[in-house]
Amino acid sequence: MIPLQVVTLVLVLLGAVSVVAARDVVRLTLANALYGLLLVVLFLVFQSPDVALSALVVSVVALPLVLVVAIAKGRGG
Amino acid sequence: MSLRTRYVLFAISATGLTALLLWGLAGLPDFGRFGGSYGVTLNDVAVAQRHATNVVAAIVWDYRALDTMGEELILFASVMATSLLLREAREREADRSEDAVHGETIRAVGLALVGILVVVGLYTVAHGIVTPGGGFQGGVVLASGLIVVYLAGSYRTYRRVGPTALVDFGEGVGVGGYVGIGLAGMAFGAAFLANFLPLGTKGTLASAGTITALNVASGLAVAAAFVLLVMEFLQELMVMRLEEAEK
Amino acid sequence: MSYFPYLVAGLVFMIGIAGVVTSRNLIHLVVCLSVAQSGTYILLLAIGYRSGGTAPIFKGISEKAKTVDPVVQALTLTDVVVSVVVAALLLALALDVQKNEETLDPEELPSMRS
């Protein structure tokens, strides 16, 4: 196993813990977007460019936008 | 049962489950020593059989096209359910709100980005059979290009760029077209979702038969689904702002 | 060392499940569910990896080159896109609950009281 894969796997594990431990929803959105980026790097390191492409756009554009709107609606409504 | 009791119970069972899971995963072959025969066989024959250099695209839209049809139907049903759940009484009124971005730099950069993203999205869909890409990947990039219209422009422009009727129609055509292409194969005597179009030359855009057509249908369905989804959520926000402004 | 990716996949899945069980906010619950799902993606891709293999795209390389397994990538690819749409559906359900019950806390929802 090449060292790049080991480092990315460790970062993904830490990222998952940080997403679950985030109790404030705004920090949650940020942590989730960063976790998505870490997953994209992991997919690339595992030699899967197709999966990395779809995961990139989906976890950086679509999911944070939907989360932010849900949070805004949850606070104001 | 109080909260603490439930957490303690969960902690005990979670440790048990984790131990069982990790012990089960230890039975897998070593990392890097993949032994399955399906994948290795497909690697050897897919390029010659389908004239497509992207083997993953050949699997998603040809060898396992039935699974992809199921996934697209999940997508369709989820977006339909979300539209049903997020119906608002004051939709039409809220659609006239502007919610524009005021910074000049953001608008300028966003405008440039929209063109680039739409072109890259179409490129990714079209080249799915040759290089990494395909309907799903290109569809989400295309959708993000349209979402940037809201992020760097205004809500009103976003609604004009993706009117509900057009987006609904596009999504229906995408999912229905996928099933239609599968049925068209049966009209020619082949099996459902079999590759019946001429295969063309490997490495060019005009190759791989029905994979290209299914790519376009999937790309349309996925892009329309995401545009619709984001539109539904934003509409909720606009209605809430309208009601707050009236208080 | 060769067991490490499977360990990470199993741990990420259990961390996500622990997040779902101990969550006090429905939005946080949906995000933890998607974290648990990403554990399965890591597992799938780790199973298909071959040492020294490259991506299964045969443009520009010889057709006899050693590549990683394409089938697991095909499975993960559609799953990633569809899971976000389903997560959006779950968020819409959470918003609906908030409209009716005025709270986003799973502990305070009527049917959850013991």
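For every chain, the first residue of its written sequence is number 1, and the numbers climb from 1 along that sequence. The naming scheme follows written order: chains are lettered A onward, ligands numbered 1 onward. Reporting in this predicted model follows two pLDDT cut-offs: at least 70 for local features of residues, and 80 or more for side-chain atom pairs to be given and counted; totals over whole chains, interfaces and linings ignore these cut-offs and use all residues.

Visitor: Outline the interface of chain C and chain B, supporting the account with residue identities and numerical values.
Guide: Listed as interface residues are 41 residues of chain C and, on the opposing side, 49 residues of chain B. Each helix is a run of H or I in the DSSP string that is no shorter than four residues. Each strand is a run of E no shorter than two, and both are numbered from the N terminus. Elements supplying a minimum of two residues to the side of chain C that touches chain B: helix 1 (4–21), helix 2 (26–48) and helix 3 (70–101) of chain C. If you tally residues by element for the side of chain C that touches chain B, the top one is helix 3 of chain C, at 16 residues. Classifying every residue of the side of chain C that touches chain B gives 26 nonpolar, nine polar and six charged. By the criterion used throughout, residues are in contact when their C-beta atoms, derived from the backbone, lie within 7 Å. Residue type decides the class: Asp, Glu, Lys and Arg count as charged, Ala, Val, Leu, Ile, Met, Phe, Trp, Tyr, Cys and Pro as nonpolar, and the leftover types, Gly among them, as polar.

Visitor: So what's going on with the packing of helix 2 (residues 37–50) of chain B against helix 3 (residues 55–63) of chain B? Residues and values would help.
Guide: Residue and element names in this part refer to chain B. Interhelical geometry of helix 2 versus helix 3 gives an angle of 75 degrees and a closest axis separation of 10 Å. By the angle between their axes, helix 2 is roughly perpendicular relative to helix 3. Judged by residue contacts, Leu-42, Asn-43, Ala-46, Val-47 and Arg-50 of helix 2 engage Val-55, Ala-58, Ile-59, Asp-62 and Tyr-63 from helix 3. Of the residues in the contact of helix 2 with helix 3, the class split is seven nonpolar, one polar and two charged. All axes are obtained by fitting lines to C-alpha atoms, using only the stretch in contact for helices, and the reported angles, taken between N-to-C directions, cover 0 to 180 degrees. Between 65 and 115 degrees an angle is taken as roughly perpendicular, under 35 as roughly parallel, over 145 as roughly antiparallel, and anywhere else as oblique.

Visitor: Tell me what's going on with helix 4 (residues 65–85) of chain B, and back it up with residues and numbers.
Guide: With 21 residues, helix 4 of chain B should cover 30 Å at 1.5 Å per step; its first-to-last C-alpha distance of 30 Å lies within 8% of that length. Buried residues in helix 4 of chain B make contact with helix 3, helix 9 (164–187) and helix 10 (210–246) of chain B together with helix 3 of chain C. By this rule the span expected of a helix is its residue count minus one, scaled by 1.5 Å.

Visitor: Give a description of the packing of helix 6 (residues 104–126) of chain B against helix 7 (residues 135–152) of chain B that names residues and reports values.
Guide: Residues and elements named next belong to chain B. Two elements in contact, helix 6 and helix 7, have axes whose closest approach is 8 Å; the angle formed by their N-to-C orientations is 165 degrees. Relative to helix 7, helix 6 is oriented roughly antiparallel. You can see that helix 6 and helix 7 cross each other, and the crossing is left-handed. Of the residues contributing to the contact of helix 6 with helix 7, the split by class is 16 nonpolar, nine polar and one charged. Left-handed describes a crossing whose near helix is turned anticlockwise from the far helix by less than a right angle; the clockwise case is right-handed.

Visitor: Lay out the confidence of the model for chain C with the relevant residues and their values.
Guide: All names here are of chain C. As a per-residue measure, pLDDT tells how confident the predictor is, with possible values from 0 to 100. The pLDDT averaged across chain C works out to 88; a share of 97% of its residues lies at or above 70. Across chain C, the secondary-structure element scoring lowest on mean pLDDT is helix 3, at 90, and the one scoring highest is helix 1, at 94. What the predictor reports for the complex is a pTM of 0.91 with an ipTM of 0.91.

Visitor: I'd like to hear about the interface of chain A and chain B, residue by residue, with values.
Guide: On the chain B side, the residues contacting the 16 residues of chain A number 21 residues. Residues that form the side of chain A that touches chain B fall into these classes: 11 nonpolar, three polar and two charged.

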